[in-house]
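Chain by chain, the residues:
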Amino acid sequence: MKRVCKNLLFFTAVFTLCIAAGSSAGAKTKVKVKKVSVKSNYGKIVHVAVGKKVKLTTTVKVKPNKAKNKKVTYKSSKKKVATVTSGGYVKGKKTGSCKVTVTSKSNKKKKAKISVKVVKQVKSVELDAEEADLYAGETKKLKATVLPASGSFKKLKWTTSNANVAKVSSTGKITGVAAGTATIKATSVEGSKKSAKCQVKVLAANTVNIESVQVLGPNAVRVILNRAMTLTASQFVVEGKQYEQGVYNRRYTIIQMRNYDNKTYDLTLDDNYSIAPDSFVRVSIATLPGNGAKSLESQAVFVKTSTPPTEKWIGVVGEKMESVVDLSEYCYGNVSYTVTGSVGGISYRPKENALIFSGTYTTVTVETILTITAEDELENKIEKKIHVYVGNNSTVVSCAEDKTVLIGRKLDGLDFARAAGGSGKYSYAALHMPPGLTVNEDGTISGTPEGAGEYEVSVTATDRENTARTATATAVIRVADERLVKGVVKDASGAVVSGAAVTCVHVDDGASFETTTDDTGAYSLYVAEGSYDITAGFEDMWDRVYSIAVSSGGRQIDFVLR
């Protein structure tokens, strides 16, 4: 029995040694590193700003696939340009280039290299839109501006706060996915972490938005929808307040609504309350479908966006003159003026937001140009030119005004050229007149224009009592295709108004066309193509439309005088 136990103990010991030996052999299994790779923060090159750091992404393929076998070391080729930590953070020291080598600790023969470029820090990122509306399936490309413009890395990381509402590509293209809101963010990737955001609203398929509100005048508001929808005046609510920080405590009454295309609505308000300059107006349409903007405000700035027309002053030495130059309608708030150039005997002084020119001409000038520059509260600068011509007994001066005329519409004595000095009696002759037109002896134009286009006309004024005294001026006559504007004028009771004056004034160049209504209240007149303010008036009643485009199809505008 003892012998059996001894044998059993012997085999147990041998078996234990074999197991221990096997365990020792397993612990010494060779680590096999297949590949080391490293990626940058953007693209194939690491871009890092001076004083900032970015994290490298390192991958080690190894067997056995254990964390301890994946350890690596990092080394920079130029530590004065960029350093790298044991954790793989590259820090920019000064602008320049270098390389970072990543080496496996398990097999120092396995390594990878990546290029590093140290750039200037990004100071700011700006997007061309802080807010955007789009329908599901629609796209919008955001444009980013990265500063400084030179020496910084311009690439950005684009993210969305809600990919179920809106997604964004790596180049900033937004795609609407479903109704809701999301924030699109563009972030610099060179370590500065500067960013900009755009709030995106994705609209439901049936959504109709208020796209814009414009205060056209003291009693007129234009509302434009992003999609066509038929509305009645009762669906609009127009409110006002004087100050931006105030509350909307004034309700305007709509007495007339013009629906041009089911998208553009002009609302005429009664005159119990006028919209004051610089005050605020809010338009609400609660019945608009979908999740779009049902309310929008606008400030009543009443500022013209066209260029102030050139003026021409003409007179003789010894003649008194006074003229007002007021550019406030082109400006925001208070206006300050500067004047370049001078005319002998003429001075100027400010009065409110205008300049008053006055005096007596003392010096002959064939042409002096005054440049009037107005600067408003927003530091916008508006410029107006005034051409001054002064003659005397022995010197004749002349000028001519630019004109717009219509093909096929007969002219009879349209003012065109003027002269001063000499005897005061002149005859006129012109070169390069449009076909069908002539200059009369008194400087007016007559005839029927035939060819569309712009004609630079040279007109000469000759003193009738001394033909050696002449003066030549130039002006442009624009011959335009005619466009018909027509309609009916009625009063508030619905009765037609005969003899009402209808005036169309071109928004940009100030060209004016006029007519009167007939016994049926109807009017028709031809104008050049463009945008017009059109007014109908009779005695103390009037009605007006603003900035109405008149194109090849003409325009029908009916008026109700109140």
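Structure: see above.
These lines cover the structure that appears in this document, whether it is placed above or below.

Conventions adopted
- Residues numbered from 1 in each chain as written.
- Predicted model: local features only at pLDDT ≥ 70, side-chain atom pairs only at ≥ 80, totals over all residues.
- Heavy atoms only, no water.
- Helix = DSSP H or I, 4+ residues; strand = E, 2+ residues; numbered from the N terminus.
- Rg over C-alpha atoms; globule rule 2.2 N^0.38 Å.
- Buried < 20%, exposed > 50% of the residue type's maximum accessible area, 1.4 Å probe, protein only.
- Contact = heavy atoms within 4.5 Å.
- Areas by Shrake-Rupley, 256 points an atom, 1.4 Å probe, with all protein chains shown as cover.
- Lys, Arg positive; Asp, Glu negative; His and termini not counted.
- Charge placed at Lys NZ, Arg CZ, Asp CG, Glu CD.
- Patch = residues over 30% accessible without salt bridge, like charges linked within 9 Å, V, L, I, M, F, W, Y side chains within 5 Å.
- Salt bridge = Lys/Arg side-chain N within 4 Å of Asp/Glu carboxyl O.
- Pairing = 2+ DSSP bridges.
- Axes fitted to C-alpha atoms, helices over the stretch in contact; angles between N-to-C directions.

## Overview of the overall build of the protein chain
No. 1: In terms of regular secondary structure, the protein chain is built from one helix and 50 strands.
No. 2: Computed over C-alpha atoms, the radius of gyration of the protein chain comes to 40 Å, more than 25% over the 24 Å expected from 2.2 N^0.38 for 562 residues, which places it beyond the range of a compact globule.
No. 3: A buried classification covers 40% of the 562 residues belonging to the protein chain.
No. 4: Summarising the internal contacts of the protein chain: among those between residues at least 6 apart in sequence, 60% fall at separations of at least 24.
No. 5: By element, 49% of the accessible surface of the protein chain is carried by carbon and sulfur atoms, the whole surface being about 30,500 Å².
No. 6: Charge separation in the protein chain, taken as the distance between the mean sites of 80 positive and 53 negative side-chain charges, equals 38 Å.

## Topic: a positive patch on the surface
No. 1: A cluster of basic residues, Lys 30, Lys 32, Lys 34, Lys 35, Lys 61 and Lys 63, forms a positive patch on the protein surface.
No. 2: Mapped onto the positive patch, the elements with two or more residues apiece are strand 1 (32–39) and strand 4 (57–63).
No. 3: Looking at which element gives the most residues to the positive patch, the answer is strand 1, with three residues.
No. 4: Take Lys 63: it is sitting in strand 4.

## Some points on the environment of Gly 172
No. 1: You can see Gly 172 is positioned in the loop between strand 15 (166–168) and strand 16 (173–176).
No. 2: In this structure Gly 172 comes out as buried when scored by relative accessible area, which is 0%.
No. 3: For the pair formed by Gly 172 and Ser 195, sequence separation is 23 residues and the distance between their alpha carbons is 13 Å.
No. 4: Gly 172 has contacts with Lys 140, Lys 141, Leu 142 and Trp 158, leaving out every residue within four places of it along the chain.

## So, the pattern of salt bridges
No. 1: Counting across every chain of the model gives 13 salt bridges.
No. 2: Of the charged contacts, one joins Arg 418 and Glu 401 as a salt bridge, the two residues approaching to 3.1 Å between their closest N and O atoms. Taken together, the positions of Arg 418 in strand 37 (residues 417–420) and Glu 401 in the loop between strand 34 (397–400) and strand 35 (403–406) put the pair 17 residues apart, joining distant regions of the chain.
No. 3: For Arg 418, a relative accessible area of 34% puts it in the partly exposed group.
No. 4: Overall, the relative accessible area of 23% leaves Glu 401 in the partly exposed class.
No. 5: One salt bridge in this structure joins Arg 478 and Asp 509, with 3.4 Å as the shortest N-O distance. With a gap of 31 residues between them, Arg 478 in strand 42 (residues 470–480) and Asp 509 in the loop between strand 44 (501–506) and strand 45 (512–516) connect regions that are remote in the sequence.
No. 6: Judged by its relative accessible area of 22%, Arg 478 falls in the partly exposed class.

## What to know about the pairing of strand 31 (residues 354–360)
No. 1: Two strands pair when backbone bridges link them, and strand 28 (residues 320–326) and strand 31 are joined in this way by seven bridges, in the antiparallel orientation. Its bridge partner being in strand 31, Ser 323 is matched across the sheet by Phe 357.
No. 2: Across six bridges, the pairing between strand 30 (residues 346–351) and strand 31 is antiparallel. The partner of Pro 350 across the bridge, within strand 31, is Leu 355.
No. 3: Here strand 30 folds back onto strand 31 in antiparallel fashion, the turn holding two residues, of which Glu 352 has a positive phi close to 55°.

## What about the sheet that holds strand 8 (residues 96–104)?
Think of a sheet as strands paired side by side through backbone hydrogen bonds, with each pair either parallel or antiparallel.
No. 1: Strands sit in the order 2-9-8-5 across an open sheet of four strands; the sheet is mixed. The open sheet is flanked by strand 2 (45–49) and strand 5 (72–76), the only strands paired with a single partner. Recorded for the sheet is a direction-independent mean angle of 30° between the axes of neighbouring strands.
No. 2: Pairing of strand 5 with strand 8, which is carried by five bridges, proceeds in the antiparallel orientation. Looking across to strand 8, one finds that Lys 75 is bridged to Thr 101.

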